[in-house]
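Each chain, letter by letter, is given below.
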Amino acid sequence: MTRDLLQTALDAADAAGAVHQRYRERLDSFRTVEKGQSDFVSEVDLEAQEAALSVIRSRHPGHQIRAEEDEHGASLLRSAGAEVNHSAHGPAGTGSDVPTWIVDPLDGTTNYLHGHPMFASSVGVALGPHVVAGAVLAVATGERWWASRGGGAFLNGQPIRVSTQRELRGALIGTGFPFKSLPLLPRYLQQMDNVLRNTAGIRRLGSAALDLCYLATGRLDAFWELQLGAWDVAAGLVIVEEAGGIVTDVDGFAIELVDSGSYLAANSPTLHEALRGLVRQADVAADAPEEPGTQ
């Protein structure tokens, strides 16, 4: 069964990626609206989502689906004059034994809209509390990652493993800004300051799906972000774990059925604990009361 689910994830990610490719050379030909602060949805997002979900529905009509672009985004685009074909994609099955598809049709929309190559389609599927298969496609770089639980992780058909870096001082860390939750920004900036001072550097790609795939491939050694949706990380989570890495929330607790929230991932328990320590130190410093007379 897992093999069939993985093939559907690959084909659904490819279907979304084909939409990305079709519009890449005409970025001014479709409508885009702002859902929230620096949070955009375009006709490409919705067309890519419909392409991916069509693959899933045609093969697994009884499965549940969680996808990023809900009716709110479609309504905003219609209000802006776009012609949007957007069908419902809510739960279709019942019970914990029904697979749940977790889809981000275009992770890195802002990058895409600016012609920046860091964007991808991401399709994961969970059985009960665990993601069992996932695929991520980056059409701009021609890279396609996938993994299934117990089956290993791959990039363009070649097996991949996380890096062997274990020391913070030599580690390259991925991150993402909490732009959808600006009240978290002061806390995040404290964390970034502490991480930057104690590692080889920080990189922000603008796509959490690609951050996790880069970690799985050894291009990053660890990653953390405070506010992500389930669709951002579902496929990447199983890809990292099958490549030998570890993913938890920022507090170190296990992630089961992927929820929105904070994530911290690394190539090993050693580096994971070290990065979590830096983040925790920053949180303690941020929460400490000010000394009298420091204002």
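To be clear, the structure that these remarks concern was listed above.
Residues numbered from 1 in each chain as written. Predicted model: local features only at pLDDT ≥ 70, side-chain atom pairs only at ≥ 80, totals over all residues. Heavy atoms only, no water.

Q: How do you make sense of the pairing of strand β7 (residues 143-148) when you look at a structure like this?
A: Note on strand geometry: in a regular strand, side chains alternate between the two faces of the sheet. Counting buried positions over the six residues of β7 gives five, a clear majority of the element. Judged from the six bridges that link them, strand β6 (residues 130-138) and β7 form a sheet pairing that is antiparallel. In the sheet register, A138 faces β7, and the bridge partner there is E143. In this antiparallel pair of consecutive strands, β6 and β7, the connection spans four residues, and G142 shows a positive phi of 70°. (Buried < 20%, exposed > 50% of the residue type's maximum accessible area, 1.4 Å probe, protein only. Helix = DSSP H or I, 4+ residues; strand = E, 2+ residues; numbered from the N terminus. Pairing = 2+ DSSP bridges.)

Q: What is the right way to look at helix α7 (residues 230-242) in this model?
A: Every α-helix winds through 3.6 residues per turn, so residues three or four apart in the chain are directed the same way. The first and last C-alpha atoms of α7 sit 18 Å apart over 13 residues, in line with the 18 Å expected at 1.5 Å per residue. Largest kink in α7: about 30°, centred on G236. For α7, a buried count of eleven out of 13 residues is recorded, marking the element as mostly surrounded by other parts of the structure. Of the positions making up α7, those classed as buried are A230, D232, V233, A234, A235, G236, L237, V238, I239, V240 and E242. Phi turns positive one or two residues past the end of α7, at G244, with a value near 105°. (Expected span 1.5 Å × (residues − 1). Bend = angle between axes of the 7 residues up to and from the residue.)

Q: Any chance you could explain a nonpolar patch on the surface here in plain terms?
A: Residues L182, L185 and L189 make up a contiguous nonpolar surface patch of roughly 230 Å² in combined accessible area. With respect to the helices and strands, L189 occurs in helix α5 (residues 185-198). (Patch = residues over 30% accessible without salt bridge, like charges linked within 9 Å, V, L, I, M, F, W, Y side chains within 5 Å. Areas by Shrake-Rupley, 256 points an atom, 1.4 Å probe, with all protein chains shown as cover. Salt bridge = Lys/Arg side-chain N within 4 Å of Asp/Glu carboxyl O.)

Q: Is there a simple way to explain the pattern of salt bridges in this structure?
A: A side chain with one charge may pair with a side chain of the opposite charge, provided their charged atoms come close. With the rule as written, the count across this model stands at ten salt bridges. R187 is the salt-bridge partner of D283, the closest N and O atoms lying 3.1 Å from each other. Taken as a pair, D283 in helix α8 (residues 269-287) and R187 in helix α5 lie far apart in primary sequence, 96 residues in all. With its nearest N and O atoms 2.7 Å apart, the salt bridge here joins R197 to D193.

Q: Any chance you could explain helix α2 (residues 43-59) here in plain terms?
A: If you check α2, its first and last C-alpha atoms are 25 Å apart, about what 17 residues at 1.5 Å a residue would give, namely 24 Å. For α2, every residue scored as buried is listed here: V44, D45, L46, A48, Q49, E50, A52, L53, V55 and I56.

Q: Which parts of the structure should I look at to understand the side chain of T8?
A: For T8, the position within the fold is in helix α1 (residues 2-23). T8 sits in the buried class, given a relative accessible area of 1%. In this view, T8 contacts V55, I56, R59, H60 and W101; residues no more than four positions away in its chain are not counted. (Contact = heavy atoms within 4.5 Å.)

Q: Explanation requested: the pairing of strand β14 (residues 261-266) in the structure shown.
A: Among the six residues in β14, five count as buried, and that is most of the element. Judged from the five bridges that link them, strand β12 (residues 222-228) and β14 form a sheet pairing that is antiparallel. By the bridge assignment, F223 is partnered in β14 with A265. By the bridge criterion, three bridges tie strand β13 (residues 246-248) to β14 in an arrangement that is antiparallel. Note on β14: the bridge partner recorded for I246 is A266.

Q: I tried to follow the environment of T100 on my own but got confused; where do I start?
A: Position of T100 relative to the elements: it lies in strand β4 (residues 100-107). Sequence-distant contacts of T100, defined by excluding residues within four places in its chain, comprise Q64, R66, G124, V125 and A126.

Q: Quick question: what am I supposed to make of the packing of helix α6 (residues 208-217) against α7 here?
A: Each packed pair of helices is defined by two parameters, the angle between the axes and the distance between the axes. The geometry of α6 relative to α7 is characterised by a closest axis approach of 8 Å and an angle of 5° between their N-to-C directions. If you check the angle between α6 and α7, you find them roughly parallel. Contacts from A208, A209, L212, C213, L215 and A216 in α6 reach D232, V233, G236, L237, I239 and V240 in α7. Of the residues belonging to the contact of α6 with α7, the class tally is ten nonpolar, one polar and one charged. (Axes fitted to C-alpha atoms, helices over the stretch in contact; angles between N-to-C directions. Parallel < 35°, antiparallel > 145°, perpendicular 65-115°, else oblique. Nonpolar A, V, L, I, M, F, W, Y, C, P; charged D, E, K, R; others polar.)

Q: How should the sheet that holds β13 be read in this particular structure?
A: Two strands in a sheet stick together by hydrogen bonds in their backbones, pointing the same way (parallel) or opposite ways (antiparallel). Spatially, five strands are ordered β11-β10-β12-β14-β13 in an open sheet, and the strand pairing comes out mixed. Two strands close off the open sheet at either side, each with one partner strand: β11 (201-203) and β13. This sheet shows a mean twist of 20° between the axes of neighbouring strands, independent of strand direction. Here α5 sits on the sheet in contact with β10 (172-175), β11 and β12, set at roughly 175° to β12.

Q: What exactly am I supposed to notice about the sheet that holds β4 here?
A: The strand order β3-β4-β5-β6-β7-β8-β9 describes an open sheet built from seven strands, whose pairing is mixed. The open sheet is flanked by β3 (64-67) and β9 (158-159), the only strands paired with a single partner. Here strand β8 (residues 152-155) pairs with β9 via two bridges, running antiparallel. Within the sheet, the bridge partner assigned to L155 lies in β9 and is Q158.

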